[in-house]
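Tertiary structure, described
The residues making up each chain are set out below.
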Amino acid sequence: MQLSLRGREVLWASIFLAIPLAFFLYFRILPAFQALYLSLYDWHVDPSQRRFVGLEHYERLWEDPLMRRALSNTLLYSLLGVPLQIALGLVLALLLQRVPVARDFFRAVYFAPYVTPVVAVAWVWSWMLSPHFGLVNELLVFLGIPPQPFLQSPSQALPTVTWVVVWQNLGFQVVLFLAGLQSIPRQYYEAARIDGAEGWRLFRHITWPLLNPVLVFSVVIGTIGYLQLFTQVVNLNFTDQGGPLNSTLTLALYIYQTAFLRFDLGYAAAITVVLFVLILAITLFQLKFLTRRIEV
Amino acid sequence: MRGISVMILMTLSFALAQPITITYWQYEFRSKVEAIDELIRRFQEQNPGIRVVHQTFPYDAFQQKVATSIPAGQGPDVVNLYYGWTPTWVRAGYLVPLPEEWARRVEREFVPMVRAAIVEGQLFGVPTAVRSLALFYNQDLFRRNGIATPPRTWEEFLAVGSRLTLRQGNRFTQIGYGVAPDGQDHHLVREVLVRQFGGQPYSEDGRRVLYNSPAGLQAFSFYTDWVRRHAIGVPGFFPGNNGYRDGFIAGRIGMIIDGSFAIGTIRQGARFNLGVAELPRDPNGPRANFGSFWLHGLTPLATGPKREAALRFLEFITSEEAQRYWLEKVGELPASRRLIQDPALLRDPIYGPFIASLAYATATPFVDETAQRRVMVDAINRVLLQNVDPAQSLRLAAEEEQRILDRFWGR
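Along each chain, residues carry numbers from 1 onward, in the same order as the chain's sequence is written. Chain letters start at A and ligand numbers start at 1, both assigned in the order the entries are written. Where totals are concerned, whole chains, interfaces and linings use all residues; where local detail is concerned, this predicted model gives features only for residues with pLDDT of at least 70, and gives and counts side-chain atom pairs only at 80 or more.

Notes on the overall build of chain A
If you tally the helices and strands in chain A, you get 13 helices and two strands. In terms of C-alpha radius of gyration, chain A reaches 24 Å, well past the compact-globule figure of 19 Å for 296 residues. Across its three principal axes, chain A shows a C-alpha extent of roughly 85 × 75 × 30 Å. Counting other C-beta atoms within 10 Å of each residue's C-beta, where C-beta atoms are placed from the backbone, gives the exposure class: buried for 20 or more, exposed for 12 or fewer, partly exposed between. Buried positions account for 35% of the 296 residues belonging to chain A. The secondary structure listing takes helices from DSSP runs of H or I that are at least 4 residues long and strands from runs of E that are at least 2 residues long, numbered from the N terminus. All radius of gyration figures rest on C-alpha atoms, and the globule criterion is 2.2 Å times the number of residues raised to 0.38.

In structure tokens:
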């Protein structure tokens, strides 16, 4: 049988796509279903000794104050972090676009935190934010503001951690927006200027709508990132992870502690399923309500 | 008769020809890794038919590795674990009980706290070394402030503490005591202060929380007052993991309460004359200390001839020879009752106070160390960071911890 050129291309493409797809199915999708299965059992090394408990773990989730705390913290991280990251990223990208000199230098400066290891970032920030020796408090005292406990305060720790994460993600966000800005054809601005539009109106009617794809991508990816927040939280308070007083605990950290420090993998799997459903629901919601069809 | 001996001979030669390989896991800590390597070398010399593979993982990844590898059938035959993890590991099937005679050996040869490795009547492992708590102090700082001897009572402790505390406005530049609820202080409150004030932290069988008593509350408030009333220290003075220890090493903290496992790190870092003393106490009251240990346990992967080999290895690394070597190399206290009676060791200015404390140290009967640790750390932090009334905070903690115990014991 002779395949047409097109047919052969399709065949090859499918073969090449099948390999990563199989990998993805086996290492990503299958474990997700396994988690669902595990969540119905009490964990034991020996599969024959795993006791079927049905939905017991889900009932326990409902009454678990730490679970509630982890859930509300996780949502709060996303609600604070995503808008802040996007707003600052957009402002910086717009400013950077106007910088005529040393543009690459500035871009590198803003991108540097993104490629710095999280552990190093956490270490440096925990010193900068120290109530007794930190640079930030030094500055506050100089300005006549009393020193703040930041990471050591149950009420300030979550916003402080969020800030460190925003600071670290900012570089990536800026790069995304710069790419988005560059893809907007110059002609639109020129045409608008001829019609007498300036400044804010250019932004409002051209830049903002045409950045929508970048914005949607940023919101979705950013939200998923905050919903899975783990490394920064662990490293900013290493000996009381999720503390003080569980004020920085996230779902991912709670899953980790339950599964790998308390060997309660069945219950941890149930939390994983909740996190999975949560991410899926929020992502679908965002895709539906944020995406704008743009007609030019 | 002849047939049997021929069979034994054949099995023996087969066993000799086919060396048995067993795997030992521990977390990465240089002196411990080197010590086990050396012990394996000695063991293999004496047991040519057994080969021991030694694998280590970073501390943060250790439990995760164990959790996932053993179910996959690829993990260790002998594994090193913190005693407080034993019950959760046992429940999840990660450890198998040791033979009867091992439990008798523990009763006979080891310091009493090692009984914490017994879960529901069965022994799940044995340690090479044990640890206790003591007061570390900066002798140079003491001398500069005219303090001649380490505090023996809590009254003296508070007096020394406030003398060594320096403030600048709202901020501290030096503190007398390195307050660390999430360091060793949660143990200090639970096992030391509660007992010293005449209370009991838990019931005899470890199934009931008893620290929410008048004595317990006195102990708890006494501790939180170090920060609230006496201001001899503040939590999080130095940031980072074990900031209290770093601050002490840096010479900015006069005293800390820490475990014998910290001796090495502190000695290596401190640029001042280090002093160690037994924990302060009421001269008429009872003595108390918190003891803990890492034990070597057998996993379900050690079956058949591997189990025999693993038990032999276990016996070797917990022998008195190994314990003596461990003390020299790692600097951890021997777990043998006999070895800690060595007068030279008791006279040692650094090890002495820890050794002396072993006689009256208790290992908290944790069932879920991660969760129970958090309960006490949070109880302290509620008072220190949120100004919650100590009585209320302690009551909440007792209720929360009782729920953890009840869940474990199935009530």
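The structure having been displayed, the exposition proceeds.
Some points on the overall build of chain B
Per the secondary structure count, chain B includes 17 helices and 15 strands. Relative to a compact globule of 411 residues, whose C-alpha radius of gyration would be 22 Å, chain B shows 23 Å and is just as compact. Among the 411 residues that make up chain B, the fraction classed as buried is 49%. For chain B, long-range pairs separated by at least 24 residues make up 73% of all intrachain contacts whose partners lie at least 6 apart in sequence. Throughout, a residue-residue contact means that the two C-beta atoms, derived from backbone geometry, are no farther apart than 7 Å.

Re the domain arrangement of chain B
All names here are of chain B. In terms of domain boundaries, chain B breaks down into domain 1 (2-131 + 292-362) and domain 2 (133-289 + 367-409). Note: domain ranges come from an automatic or database domain assignment. Domain 1 and domain 2 are separated by 31 Å when their C-alpha centres are compared. Taken together, the contacts link 19 residues of domain 1 with 18 residues of domain 2. When contributions to the side of domain 1 that touches domain 2 are tallied by element, the ones reaching two or more residues are α4 (86-91), α15 (351-358) and β15 (361-362). Among the elements that line the side of domain 1 that touches domain 2, the one with the most residues is α15, at four residues.

Brief notes about the pairing of strand β7 (residues 133-138) of chain B
All names here are of chain B. Burial runs high along β7: six of the six residues are buried. Strands qualify as paired when DSSP identifies two bridges or more between them. Here five bridges tie β7 to strand β10 (residues 253-259), and the two strands are oriented antiparallel to one another. Each bridged residue has a counterpart across the sheet, and for A134 the counterpart in β10 is D258. The sheet contact formed by β7 and strand β11 (residues 274-277) spans four bridges and is antiparallel. Residue pairing across strands places N138 opposite L274, the latter belonging to β11.

Things to note about the sheet that holds strand β6 (residues 126-131) of chain B
Residues and elements named next belong to chain B. Strands sit in the order β2-β1-β3-β13-β6-β14 across an open sheet of six strands; the sheet is mixed. Across the chains shown, the open sheet's two edge strands, defined by having one partner strand only, are β2 (50-57) and β14 (333-334). Where β6 meets strand β13 (residues 292-298), four bridges bridge the pair, whose relative direction is antiparallel. Paired with P127 across the bridge in β13 is L295. Where helix α2 (residues 30-46) meets the sheet, its contacts fall on β1 (20-27) and β2, and the angle it forms with β2 comes to roughly 175 degrees. Between N-to-C directions, angles span 0 to 180 degrees; the directions come from axes that are lines fitted to C-alpha atoms, helices contributing only their stretch in contact.

A look at the confidence of the model for chain B
Residues and elements named next belong to chain B. Confidence of the prediction at every residue is given by pLDDT, a number between 0 and 100. The predicted model of chain B has a mean per-residue pLDDT of 93, with 96% of residues at 70 or higher. When pLDDT is averaged over each helix and strand of chain B, the minimum, 53, is found for helix α1 (residues 2-17) and the maximum, 98, for β7. Prediction confidence for the complex, expressed as pTM and ipTM, is 0.92 and 0.91 respectively.

Comments concerning the packing of helix α1 (residues 5-38) of chain A against helix α13 (residues 265-290) of chain A
Residues and elements named next belong to chain A. One way to put it is that α1 packs onto α13 with a least axis distance of 8 Å and a crossing angle of 125 degrees. Compared by their axis directions, α1 and α13 come out oblique. In the crossing of α1 with α13, the sense of the turn from one axis to the other is left-handed. Along its contact with α1, which presents A32, A35, L36 and L38, the element α13 presents L265, G266, A269, T272, V273 and F276. Residues of the contact of α1 with α13, tallied by class, amount to eight nonpolar, two polar and no charged. Each angle gets one of four labels, with under 35 degrees taken as roughly parallel, over 145 as roughly antiparallel, 65 to 115 as roughly perpendicular, and the rest as oblique. A clockwise turn of the near helix away from the far one marks a right-handed crossing, whereas an anticlockwise turn of less than a right angle marks a left-handed crossing. Note that Gly is not counted as nonpolar here; it falls among the polar residues with everything else outside the nonpolar set of Ala, Val, Leu, Ile, Met, Phe, Trp, Tyr, Cys and Pro and the charged set of Asp, Glu, Lys and Arg.

Remarks on the interface of chain A and chain B
Across the contact, 27 residues belong to chain A and 32 residues belong to chain B. Contributions of two or more residues to the side of chain A that touches chain B are made by α5 (118-128) and α12 (251-261) of chain A. When residues of the side of chain A that touches chain B are assigned to their parent elements, the largest contribution, four residues, is made by α12 of chain A.

Some thoughts on helix α13 (residues 320-329) of chain B
For an α-helix, 3.6 residues make a turn, and residues three or four places apart therefore share a direction. Residues and elements named next belong to chain B. Those residues of α13 that sit buried are A322, Q323, W326 and L327. Mapping the buried residues of α13 onto a view down its axis gives an arc of 140 degrees, with all of them on the same face. Turned more than 90 degrees off the buried face of α13, the exposed positions are E321 and E328. If you follow the buried residues of α13, they end up packed against α2, β6, α12 (305-317) and β14. One or two positions beyond α13, positive phi appears at G331, with a value near 85 degrees. Relevant arc is that of directions from the helix axis to the C-beta atoms, nothing else.

Digging into the packing of helix α3 (residues 65-98) of chain A against helix α7 (residues 157-182) of chain A
Residue and element names in this part refer to chain A. Between α3 and α7, the shortest axis-to-axis distance is 6 Å and the interhelical angle comes to 40 degrees. Between α3 and α7, the crossing angle belongs to the class labelled oblique. As α3 packs across α7, the resulting crossing turns out to be right-handed. In terms of residue class, the contact of α3 with α7 is made up of 19 nonpolar, eight polar and no charged.

Remarks on the sheet that holds strand β8 (residues 166-168) of chain B
All names here are of chain B. Strand order across the open sheet formed by five strands is β8-β9-β10-β7-β11, with mixed pairing between neighbours. Two strands lie at the open edges of the sheet, namely β8 and β11, each paired on one side alone. Neighbour-to-neighbour, the strand axes of the sheet open up by a mean angle of 30 degrees, direction not taken into account. Alignment of β8 against strand β9 (residues 171-177), held across three bridges, turns out to be antiparallel. Note that in β9 the partner of L166 across the bridge is Q174.

A short note on the environment of P286 of chain B
Residues and elements named next belong to chain B. By the element assignment, P286 lies in the loop between β11 and β12 (289-290). P286 sits 137 residues away from T149 along the chain, and the two C-alpha atoms are 22 Å apart. Discounting chain neighbours no more than four positions away, the residues touching P286 are R195 and Q196.

Description of helix α8 (residues 181-196) of chain B
Residues and elements named next belong to chain B. For a helix, the expected span equals 1.5 Å multiplied by the residue count minus one. Given a rise of 1.5 Å per residue, 16 residues ought to cover 22 Å, yet the end C-alpha atoms of α8 are separated by just 18 Å, more than 12% below that figure. Note that bend, as reported per residue, equals the angle between axes fitted to the 7 residues terminating at that residue and the 7 residues originating from it. Maximal helix bending in α8 amounts to about 40 degrees, located at V189. In terms of burial, α8 is a largely internal element, 16 of the 16 residues being buried.

Quick look at the environment of E59 of chain A
Secondary-structure assignment places E59 of chain A in helix α2 (residues 56-63). The spatial distance from the C-alpha of E59 of chain A to the C-alpha of I29 of chain A is 25 Å, given a sequence separation of 30 residues.

Some thoughts on unusual backbone geometry
Residues and elements named next belong to chain A. Note the cis peptide between G243 and P244, where omega equals 0 degrees. Locating P244 in the fold gives a position in the loop between α11 (231-236) and α12. You will see that L245, though not glycine, has its phi angle at about 55 degrees, which is positive. Residue position: L245 is located in the loop between α11 and α12. The class for L245 is buried, based on 22 C-beta atoms found within 10 Å. Positive phi, close to 60 degrees, is recorded for N246, a residue that is not glycine.

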